[in-house]
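Structural overview for review
Letter by letter, the chains look like this.
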Amino acid sequence: MLRPSGVRLALYAARVINGASLSMRARCSSSARRSLTSSLLRPAAGTFFGTCLTAQSVQCRSIVVETNETPNPDCMRFFSMELSFLKPEFSMDIPSPAQAYKSPLAEALFGVAGVQAVFLADEYVTVRKHAQADWVALAPIIKEVIVEFAESKENVLSEAGEEELMGYNDDTEPEEDDDEVVLAVKELLATRIRPMLRADGGNVRFIDMDEGTVFLLLEGSCKSCPSSHITLKSGIERMLMHWIPEVVEAQEVSDEVAADILSEKRLRKQLKEKNEVVEAK
């Protein structure tokens, strides 16, 4: 379920008291909402989008979803003063419909023609569109899907998504076998680099470090961005090399390579723990 954000909700309440949002407080009937969702998710034959939103359909909502452009022209950041999507500082990348089982919200968004990928964060959702899609037509539809999902009170993540989330965001947490260099890299990523990327609807995850090369996974608006190479080399790599002399390079890896590396690391950790148990006996 989407959670009200405390500070943001207080700000919004103040606006309501001042009468700034009175027109947004009327509710649509449930039948009207069902009709709107049905028409949004099933475009008419021969058209890219089947419904044009009217001013009346927007004003009947009490939740206001806003947008920010990102450096990636195919990505847009959607947020609301009234909503929090995940726990603070948590995020989850859902790069394709095949991964949408992790989130009912992602499933709803993938049901909109033109949506290519979804990135969930604590206070926003980044949506990547297909190159041929038009934000002018697509953005209002995505806003309506988010509003309808919020009103449904359904959980943002499925049980499978909740289980994965538990281990998904610990990439910069210290581990027992981390040396001082790796710990420094993780701290810099978590405290300096990641916040800058998240402000633009993106994210970076630490995957591994080997002989001075830091392997990273870019997510959200950073993935497939025309300027992602500049972000990696002129931004992330330069900052890492400036503060940590042992770093010689930052290298982006694909989702598949990242999954293989992380799987191998987990296997090594399990074998180590098993050997420690045997030795203890």
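From a predicted model like this one, the values you see are computed outputs, not experimental measurements. Along every chain, residues carry numbers that run from 1 in the direction the sequence is written. Confidence filtering applies because this is a predicted model: local features only for residues at pLDDT of at least 70, side-chain atom pairs given and counted only at 80 or more, and all residues used for totals across whole chains, interfaces and linings. No hydrogens and no water enter the side-chain calculation; it runs on all heavy atoms of the structure.

1. A look at unusual backbone geometry
In terms of backbone geometry, most residues other than glycine have negative phi values and most peptide bonds are trans. The criterion, for reference: Each helix is a run of DSSP H or I of at least 4 residues and each strand a run of E of at least 2, with the numbering of both proceeding from the N terminus. The classification of residues rests on relative accessible area computed with a 1.4 Å probe and restricted to protein chains. Under 20% of the type maximum is buried, over 50% is exposed, and intermediate values are partly exposed.
Positive phi values are uncommon outside glycine, yet E89 reaches one of about 75°. Summarising the element assignment, E89 is placed in the loop between β2 (75–80) and β3 (91–94). Of note, the phi angle at K153 is positive, near 65°, even though the residue is not glycine. With respect to the helices and strands, K153 occurs in the loop between α5 (135–152) and α6 (159–168). On the basis of relative accessibility, which here comes to 56%, the residue K153 falls in the exposed class.

2. Brief notes about the packing of aromatic side chains
Note the cut-off: We call Phe, Tyr and Trp rings a pair once their centres come within 6.5 Å, taking the six-membered ring for Trp, and we label the pair stacked below 30 degrees between planes, edge-to-face above 60, and tilted otherwise. In this scheme, Lys NZ or Arg CZ marks a charge over a ring once it lies within 6 Å of the ring centre and within 35 degrees of the ring normal.
For the structure on display, the rule yields 2 aromatic pairs. Pairing F119 with Y124 gives two aromatic rings, centres 6.4 Å apart and planes at 45°, and the pair type is tilted. Taking relative accessible area as the criterion, F119 reaches 1% and is therefore assigned buried. Above the ring of Y124, the side-chain terminus of R77 is found at 4.4 Å from the ring centroid. Over the face of the ring belonging to F90 we find K87, whose NZ or CZ atom lies 5.7 Å from the ring centre.

3. Digging into the sheet that holds strand β1 (residues 65–69)
The strands making up a sheet are joined through hydrogen bonds of the backbone, oriented either antiparallel or parallel. Test applied: Strand pairing is assigned whenever DSSP detects at least two bridges linking the two strands. For helices, the fitted axis covers only the stretch in contact; all axes are lines through C-alpha atoms, and the angles between them, taken along N-to-C directions, range from 0 to 180 degrees. A contact between two residues is defined here by any heavy atoms of the two lying within 4.5 Å.
Spatially, β1-β2-β5-β4-β3 is the arrangement adopted by the 5 strands of the open sheet, whose pairing is antiparallel. Each end of this open sheet is capped by a strand with a single partner; those strands are β1 and β3. Sheet twist, expressed as the mean angle between neighbouring strand axes with direction ignored, is 20°. Bridge count between β3 and strand β4 (residues 115–121): 4 bridges; the pairing is antiparallel. Opposite D93, over in β4, you have F119 as the bridge partner. Against the sheet, α5 engages β1, β2, β4 and β5 (124–129), with an angle of about 35° to β2.

Keep in mind that these numbers describe shape and distance, not what the molecule does.
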